[in-house]
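Here is what each chain is made of, one letter per residue.
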Amino acid sequence: MSISQNQMPLIEAIQNHIRQKPISFHVPGHKNGELYHSLNLLNASFLQWDLTELSGLDDLHDPSGAIEQAEGLLSSYYQSVRSYFLVNGSTVGNISSILATCNEGDYVLVQRNCHKSILNGIQLARAVPIFIEPEWDKETQTATGVHLSTLEEAIQNYPEAVACIFTYPTYYGVAYPIKQLIEAAHQGGMTVIVDEAHGAHFKLGEPVPQSTLDMGADVIIQSAHKMLPAMTMGSYLHINSEKVSIKKIENYLRMLQSSSPSYPIMASLDMARSFIANRTKEDTFYAIKENKKFLEKLCSFTDKLKVIEVDDPFKVILRLDSLNGYQIQAVFEKHGVFVELADPMQVLLILPITSQEHSFPYERAEALIKSAIMELMLFQINTSLQQTVPIQNKIQKVSKLEVVIDDLEDYHEEWILLAESKGRVATKMLTPYPPGIPVMAAGELITEEMIATLRYYFDAGARIQGDHKLEEGKILVIKSDR
């Protein structure tokens, strides 16, 4: 039987259900939106899609109907062994993959610039993270991928490691030669997990970077809600080799995902797959061309605006002379333009994957951004603003925690001045968010670079997650016995 990516089995099943004009005596409590008719807060017709495991609508945790068909179409497009809808974000995919791959005490090689969910997954598995330092990209001023020599050093030092976890592409859309890393990890006998949260569109083909699904990674997790038109928390997990236990992955997904999965999220995942699977090369080049025209227009506003294009043609970094990213973000938002993230250097924009059938309000965006830039140009120029991130390439390329996370409970804690914390052991993960990459992990030995980076982010106005008193210049560490 031929497979058509135009099909959307779950959406069709929900539409068939709605057409029956059913009377709800089941959860959720809004009763197909009936209880919202008297309010103007939510669209009652949209809420008709917010359903539960009714006859004909299948069950995410034991699919045998519309969801099974939808996940089959997903697997067919991405050419995986098995693919799954995730309703708890890529976080649940990362954690489930780690739990299914690692046992207590196992060594796991992991990029130091991983998402915090990776470290949380390693902690839940009671495994031991071995950090491999990423390279530094001077143009984007961000951490990128791991150099092959660094990975080889880690494999030589920890040959018993069972898994290697990469982040590809970076949050900022930077790709790197990961295929050679996957091959090296496989030669070392490891399972390769890739947090490909920002690469769900990487099956489009050139000039879009290649997906690690096509490079032999064993498990790939993608946030469909980031680059594809899926609802927030909608993600995909792909098993891509026989090295991974399907039974274990499915078992952990049942444990960790909601027993009442969102049908709107799942329906959006079905639609997002159909959206990307039916795009042509012409569609891709059209979208890139439209985005290029948009960026050219931005460049015409002022020569003080720096536009940095990255490997992913649907992401772009903007900088404005002597202003940090949080200042730019604040004024952009004042003018109605909301960026993906800001950091002390710049802002990141995620550009639309349009086609001739899917328009985007470029002209309005151009006008609003121009107004915002004109206002920003009036700001007092701060010539003392540091224009480079203090943490770059570390001398120590491979490192491990000073204290295993589970053992931290055996130690007393104390607040000390951040400036005096070098050589002490952190007891909390401190993470600028977004992008969600920890500056220091619980159990790590604090270095000068960590202190400088944390202060750099905090002074610039970043929101830092973690139990801390940075406002007072203090952080929490293992109490000294001295």
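**Q** Mind showing me how you'd approach the overall build of the protein chain here?
**A** A count of helical and extended segments in the protein chain gives 14 helices and 18 strands. Against the globule reference of 23 Å for 482 residues, the protein chain gives a C-alpha radius of gyration of 24 Å, in line with a compact fold. Buried residues in the protein chain amount to 56% of all 482 residues. When the accessible surface of the protein chain is summed, it comes to about 21,900 Å², and 49% of that surface belongs to carbon and sulfur atoms. If the 41 positive side-chain charges of the protein chain are averaged to one point and the 59 negative ones to another, these points end up 3 Å apart.

**Q** Got a minute to help me understand the sheet that holds strand β14 (residues 398–400) in this structure?
**A** Consider a sheet: its strands pair through backbone hydrogen bonds, and that pairing is either parallel or antiparallel. The strand order across the open sheet built from eight strands is β1-β9-β8-β7-β6-β2-β3-β14, with neighbouring strands paired in mixed fashion. Only two strands of the sheet have a single neighbouring strand rather than two, namely β1 (82–86) and β14. Mean inter-strand twist for the sheet, computed between neighbouring axes without regard to direction, equals 20°. Sheet analysis places strand β7 (residues 191–195) next to strand β8 (residues 219–222), joined by three bridges and oriented parallel. The residue of β8 that forms the bridge with Val194 is Ile220. Contacts from helix α4 (residues 89–101) reach β1, β6 (163–167), β7, β8 and β9 (235–239) within the one sheet, and its direction differs from that of β8 by about 165°.

**Q** Would you mind showing me how to read the sheet that holds strand β12 (residues 341–342) here?
**A** Here we have four strands laid out as an open sheet, ordered β10-β11-β13-β12, and antiparallel in their pairing. Bordering the open sheet on either side are β10 (305–309) and β12, each of which pairs with just one other strand. Sheet topology note: the β10/strand β11 (residues 315–320) ladder contains five bridges and is antiparallel. When the bridges of β11 are listed, Val307 appears paired with Leu318. Helix α11 (residues 281–299) contacts β10 and β11 of the sheet and is inclined by roughly 155° relative to β10.

**Q** Can you help me understand helix α13 (residues 362–376) in this one?
**A** A rise of 1.5 Å per residue sets the reference length of α13, with its 15 residues, at 21 Å; its end C-alpha atoms lie 21 Å apart and thus fit the reference within 8%. Taken together, the buried positions of α13 are occupied by Tyr362, Ala365, Glu366, Ile369, Ala372, Ile373 and Leu376. End-on, the buried residues of α13 take up no more than an arc of 130°, which puts them together on one face. When the buried face of α13 is taken as reference, the exposed residues oriented beyond 90 degrees from it are Glu363 and Arg364. Contact partners of the buried residues in α13: α11, β10, β11 and α12 (325–334).

**Q** How do you make sense of the packing of α4 against helix α5 (residues 116–125) when you look at a structure like this?
**A** Each pair of packed helices gets described by two things: the angle between the helix axes and the distance between those axes. Viewed as axis vectors pointing N to C, α4 and α5 meet at an angle of 35°, and their least axial separation amounts to 8 Å. Once α4 is placed against α5, the crossing between them reads as right-handed. Where α4 abuts α5, its residues Thr91, Asn94, Ile95, Ile98 and Leu99 lie against Ser117, Ile118, Gly121, Ile122, Leu124 and Ala125. Of the residues belonging to the contact of α4 with α5, the class tally is seven nonpolar, four polar and no charged.

**Q** Would you take a moment to explain the pattern of salt bridges for this structure?
**A** As enumerated under the stated definition, the model contains twelve salt bridges in all. Glu375 is the partner of Lys334 in a salt bridge, and the nearest nitrogen-oxygen pair spans 2.8 Å. In this pair, Lys334 sits in helix α12 while Glu375 sits in helix α13, placing the two residues 41 residues apart along the sequence. The exposure class assigned to Lys334 is exposed, which follows from its relative accessible area of 61%. The partner of Arg424 in a salt bridge is Glu414, with the nearest N and O atoms 2.5 Å apart. Of this pair, Arg424 sits in the loop between β15 (413–417) and β16 (431–432) while Glu414 sits in strand β15; the two residues are ten residues apart in sequence, bridging distant segments of the chain. Salt bridges sharing partners connect three or more residues here, namely Arg82, Glu250 and Arg254.

Reading the values: the criteria
Residues numbered from 1 in each chain as written. Predicted model: local features only at pLDDT ≥ 70, side-chain atom pairs only at ≥ 80, totals over all residues. Heavy atoms only, no water. Helix = DSSP H or I, 4+ residues; strand = E, 2+ residues; numbered from the N terminus. Rg over C-alpha atoms; globule rule 2.2 N^0.38 Å. Buried < 20%, exposed > 50% of the residue type's maximum accessible area, 1.4 Å probe, protein only. Areas by Shrake-Rupley, 256 points an atom, 1.4 Å probe, with all protein chains shown as cover. Lys, Arg positive; Asp, Glu negative; His and termini not counted. Charge placed at Lys NZ, Arg CZ, Asp CG, Glu CD. Pairing = 2+ DSSP bridges. Axes fitted to C-alpha atoms, helices over the stretch in contact; angles between N-to-C directions. Contact = heavy atoms within 4.5 Å. Expected span 1.5 Å × (residues − 1). Arc of directions from axis to C-beta. Left-handed = near helix turned anticlockwise from the far one by under 90°. Nonpolar A, V, L, I, M, F, W, Y, C, P; charged D, E, K, R; others polar. Salt bridge = Lys/Arg side-chain N within 4 Å of Asp/Glu carboxyl O.

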